[in-house]
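Structure assessment
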Amino acid sequence: MKQARILHIHDLIHHETDIQVAATALRNNQTVIIPTETVYGLAANAFSEEAVQSIFVAKGRPQDNPLIVHIANLDMLETVVQGPISNDAQRLMQVFWPGPLTLVLPKSNQLAPSVSAGLNTVGVRMPDHPITLKIISAAGIPVAAPSANLSGRISPTQAQHIIEDMKSRVDVIVSSDQSRVGLESTVLDMSQKPYTILRPGAITKEDLETVVSDIHYSESDASSPKPKSPGVKYGHYQPKANMMLVQGEYAAVKEKIHELAHQAQHKHLKVLIICAEEHSVDYPSFPTKSLGPIGQSALMAANLFNVLYQCDQDQVDVILCEAFEEKGIGIALMNRLKKACGQHIIHV
Ligand code: TXA
Ligand code: MG
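Below: a short report on this structure.

Parameters and conventions
Residue positions within a chain follow its written sequence, with the count starting from 1. Just so you know, chain letters begin at A and ligand numbers begin at 1, following the order they were written in. Local features in this predicted model are restricted to residues of pLDDT 70 or higher, and side-chain atom pairs are both shown and tallied only at a pLDDT of 80 or more, whereas totals for entire chains, interfaces and linings draw on every residue. Hydrogens and waters are ignored; side-chain quantities use all the structure's heavy atoms. Strands were regarded as paired on the criterion that DSSP finds at least two bridges between them. Here a strand is any run of E in DSSP of at least two residues, a helix any run of H or I of at least four, and the numbering for each starts at the N terminus. The axes used here are C-alpha line fits, helices contributing only the stretch in contact, and every angle between their N-to-C directions lies in the interval 0 to 180 degrees. It only takes one pair of heavy atoms within 4.5 Å for two residues to be counted as in contact. Put simply, a salt bridge is a Lys or Arg side-chain nitrogen that is within 4 Å of an Asp or Glu carboxyl oxygen. Only protein chains enter the accessibility calculation, which uses a 1.4 Å probe; a residue is then buried when its area is under 20% of its type maximum, exposed when over 50%, and partly exposed in between.

By definition, the strands of a sheet pair up through backbone hydrogen bonds, in either a parallel or an antiparallel sense. An order of β14-β13-β15-β12-β16 is seen for the five strands of this open sheet, with the pairing classed as parallel. Two strands bound the open sheet, and with one partner strand each, they are β14 (288-290) and β16 (345-347). Each neighbouring strand pair of the sheet contributes to a mean axis angle of 25°, computed without reference to strand direction. Looking at chain direction, strand β12 (residues 242-247) and strand β15 (residues 318-322) are connected through five bridges and run parallel. Residue Met-243 lies in a different strand from β15, and its bridge partner there is Ile-319. Sheet strands touched by helix α8 (residues 250-266): β12, β13 (271-275), β15 and β16. Its angle to β15, the strand with the most contacts, is close to 175°. In the packing of helix α10 (residues 329-340) onto the sheet, contacts are made with β12, β15 and β16, and the angle to β12 comes to roughly 135°.

A separate point is the pattern of salt bridges. According to the stated counting rule, one finds 13 salt bridges in the structure shown. Of the charged contacts, one joins Asp-171 and Lys-2 as a salt bridge, the two residues approaching to 3.1 Å between their closest N and O atoms. With Asp-171 in the loop between α5 (163-166) and β8 (172-175) and Lys-2 in the segment before β1 (5-8), this pair connects stretches of sequence that are 169 residues apart. What makes Asp-171 buried here is its relative accessible area of 16%. We note a salt bridge from Lys-289 to Asp-314, for which the minimum N-O separation is 3.6 Å. One end of the pair, Lys-289, is in strand β14; the other, Asp-314, is in the loop between α9 (297-313) and β15, with 25 residues separating them in the sequence.

The structure is reproduced here in structure tokens:
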């Protein structure tokens, strides 16, 4: 059993030694949990098969689910991606990197085979987090890093979400601030045209289309049982509670949530309602957690995983959640909510 070294790093000035400790651990093929702007990641040397295997072991992750490779600068790209980078890919990198966009491109032979789980492509991104950029550049190697949760559990947006679960499973945990974006990166498959969004995130289809044309996204692809992005087929982001999403006109949603909440209470189950801030007052007899004001999808997205984590901490049995508008980042927010409830959606 491992015993992780926990490093608290909140700025670049006072923590040079700790940054070197994390970088050295990565170079020595150890596992290091790193903060990013999206969610915390569980990182290891992307060139070493042994190091990458230890990520799968630590997470309990299925081997057919490929990992995203994180780089600190464009010089690292040629060790990750095979052949020339297309003009479209270069333009997207210029506009959105560092940032929450993963590009799926042809894979370099230098990478450990299991990074890509047998595919001939690799997902690569440059995270927008100064501490992690510094750690990766000090390590001098690209790192493979899935979200730092145990497989199937909620993605962590704060180190405290995973310290309990992971402290005996990884070598180093870098604890920093709360992840700013709060949802995993947008994954764009550029290995063929039309380019396809495999996982929606904070960078939306409309954002991408300001730079390149002909981007495809289908909600059903992102949750189909035989998807192109293997990760989307697994039960993801699931809180321990039985969670239901209620979708429709607000008056009907409110009525249905009341009905289901009363039913749950009748069975002596601990119920919690997740809703927009303005709607908390509509459920005076039940505990609620707000994700943020109506229409503020980015804020709601940033709060989502923390709210689900709190539900686990509070040992909630039943979560009743309002559905939100599927526009802009709202598409990614709803994608995660649908997975969190295991597609248990009640249309009213
Ligand atoms: O924001 C993020 O992307 C976070 C942080 C840590 O960077 N990472 C993350 O990794 O969410 P993970 O492993 O939890 O999700 C990776 C997703 C999965 O859905 C996986 O199937 C997909 O990206 N993916 C990775 N490589 C791929 C490839 N070559 N082809 C298709 N999908 C790929
Ligand atoms: Mg994940």
